[in-house]
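Here are the chains, one letter per residue:
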Amino acid sequence: DWSACSANPFFNLTKLRKLGLSDNEIQRLPGDIANFNQLVELDISRNDIMELPESISYCKTLQVADFSGNPLTRLPESFPELRNLTCLSINDISLQSLPDNIGNLSNLVSLELRENLLTYLPESLSQLHKLEELDVGSNELYNLPETIGCLVSLKDLWLDGNQLSEIPPELGSMRSLTCLDVSENKLERLPEEMGNLLSLTDLLVSQNLIDVLPEGLGKLRLLSILKADQNRLVQLPESIGNCESLTELVLTENQLVNLPRSMGKLKKLSNFNCDRNRLTSLPKEIGGCCSLNVLCVRENRLARIPPELSQATELHVLDVSGNRLLYLPLTLTSLRLKALWLSENQSQPLLTFQTDVDPESGEKVLTCVLLPQQPCSDNLARCGALESLVESGMLDDTWDDKATNRMSTIRFMEEDDDEDDEERTLLRRATPHPGELKNMKKVAESIRKDMNAAKGLDSNKNEVNNAVDRVTTSV
């Protein structure tokens, strides 16, 4: 263990500029680390180091440091004296707090604090005027200091996976911000000042409690990706159509009933996902989304698709499963669709239920022709049905449409039937599987052909009757 001996000649390498010791099982960083007074990069990530020595502050030339993946709970008080630090990564180290004077690291450009136990950010953080990247995702932050708006050079801000209930309006002062991730928090609204983030290209607000997006969103002319899935959105602002650079819009699992007509102005929109909402219609203007490749509106309440959708000539994937569609517009045949999902679009249940009484418990229950799915004790129902088909000649191509002529497998008990229960109840026979019905039809067709061929041949009558008996018994 090189760290166990303070006299280790390793620490005489005073001109060392880059030191990488990641993924070892180092348990202690010795104080002699101070000898590396020309060290520029230090990577001790993913070790077992429980604390950093105070002497690390003597590494005055250090610019890039990665302490991630160690069981550290704090940084040394002298740590902010490393004034030349530009990139600091301390992810996943169980850090509970930052030094109050963290703002002294005035040259920091990137600060990564993901997956720690931080409950607040110190006010001095606002002094990091050169900071371009701040990642405090997956912590325990309950609020943000108002002074966070002073980070005027910030381009990327990750706040996802915290406990934030609001975003301070001062955030709107970050005019250089391009990416903002506040997903997986407890936000109920976004400040109207969000519209001032004119450089924003990516806005991620998934998995919150937001019911409406601010109208100011329409000012974000550079916004390319907006993900607001798993919220409580009941409407989109009409101004959404002004986000002319939008290429991806994800609104899955909200409570949207309709979409604004201005959606048609999104000429660059390529991927639109609005699954699992409450949409009853799509605006005809959606055909104006001339770059649309993928449209997913699965599990809504759509009864029709506007014919104008065919104007979105780049559409290749259309998913309308789980709606109430009666038909598709003929105009869709002009599209070059590569995938089309249509399943589960019945407008009402396929089976009509009726009330009944459980003979054992006396409880009122719902039942239908498919309950219970138990085999019959005899083949009377199926044989009778087969004989009915043979005799009635219902064996042409329209057989499936003549439901009214089929033998019922349900009947009410007659009053004189032997039954201990005083109440009238249903007597059910097992319902044939559709596959079995097809087989029965084929067998019956074969028998009818044989019977027709045998007409007029009295000598063969007995043989035909025997054949019918054999087939019906096997069915």
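In the annotation of an unreviewed UniProt entry, the entry for the protein reads Leucine rich repeat containing 1, and the organism field reads Cyprinus carpio.

A. Up close: the overall build of the protein. On a plain count of helices and strands, the protein comes out with three helices and 19 strands. Nonlocal contacts in the protein, meaning residues at least 24 apart in sequence, comprise 25% of its contacts between residues at least 6 apart. If you sum the accessible surface of the protein, you get close to 25,100 Å²; carbon and sulfur atoms cover 47% of it.

B. Region of the structure containing the packing of aromatic side chains. All told, the structure shown has one aromatic pair when counted by the stated rule. Between Phe 67 and Phe 79, the ring centres sit 5.9 Å apart and the planes meet at 70°, which makes this aromatic pair edge-to-face. Linking Phe 67 in the loop between strand E3 (64–66) and strand E4 (87–89) with Phe 79 in the loop between E3 and E4, this pair joins segments that are 12 residues apart in sequence. Look at Phe 67 and you get buried, because its relative accessible area is 0%.

C. Representation of the confidence of the model for the protein within the structure. Mean pLDDT over the protein: 83, with 77% of residues reaching 70 or higher. A low-confidence stretch, residues 1–6 stays under pLDDT 50, and its non-local contacts, those more than four residues away or across chains, total 12 contacts. This stretch, residues 376–415, has a pLDDT under 50; its non-local contacts, to residues over four places away or in other chains, come to 58 contacts.

D. Structural context of the nonpolar core. Within the largest apolar cluster, 97 residues are counted, with the highest numbers of intra-cluster contacts made by Phe 67, Phe 79, Leu 88, Leu 180 and Phe 272. Beyond its immediate sequence surroundings of up to four residues, Leu 180 is in contact with Leu 157, Leu 159, Leu 171, Met 194, Leu 197, Leu 200, Asp 202, Leu 203 and Leu 204.

E. Spotlight on the environment of Ser 153. Within the secondary structure, Ser 153 is located in the loop between strand E6 (133–135) and strand E7 (156–158). Residue classification places Ser 153 among the partly exposed residues on the basis of a relative accessible area of 25%. For Ser 153 and Leu 128, which are 25 residues apart along the polypeptide, the C-alpha to C-alpha distance reads 8.9 Å. Discounting chain neighbours no more than four positions away, the residues touching Ser 153 are His 129, Lys 130, Leu 131, Glu 132 and Ser 176.

About the thresholds
Residues numbered from 1 in each chain as written. Predicted model: local features only at pLDDT ≥ 70, side-chain atom pairs only at ≥ 80, totals over all residues. Heavy atoms only, no water. Helix = DSSP H or I, 4+ residues; strand = E, 2+ residues; numbered from the N terminus. Contact = heavy atoms within 4.5 Å. Areas by Shrake-Rupley, 256 points an atom, 1.4 Å probe, with all protein chains shown as cover. Phe/Tyr/Trp six-rings, centres within 6.5 Å; stacked < 30°, edge-to-face > 60°. Buried < 20%, exposed > 50% of the residue type's maximum accessible area, 1.4 Å probe, protein only. pLDDT = per-residue confidence, 0-100. Core = buried A, V, L, I, M, F, W, Y, C linked by side-chain atoms within 4.5 Å.

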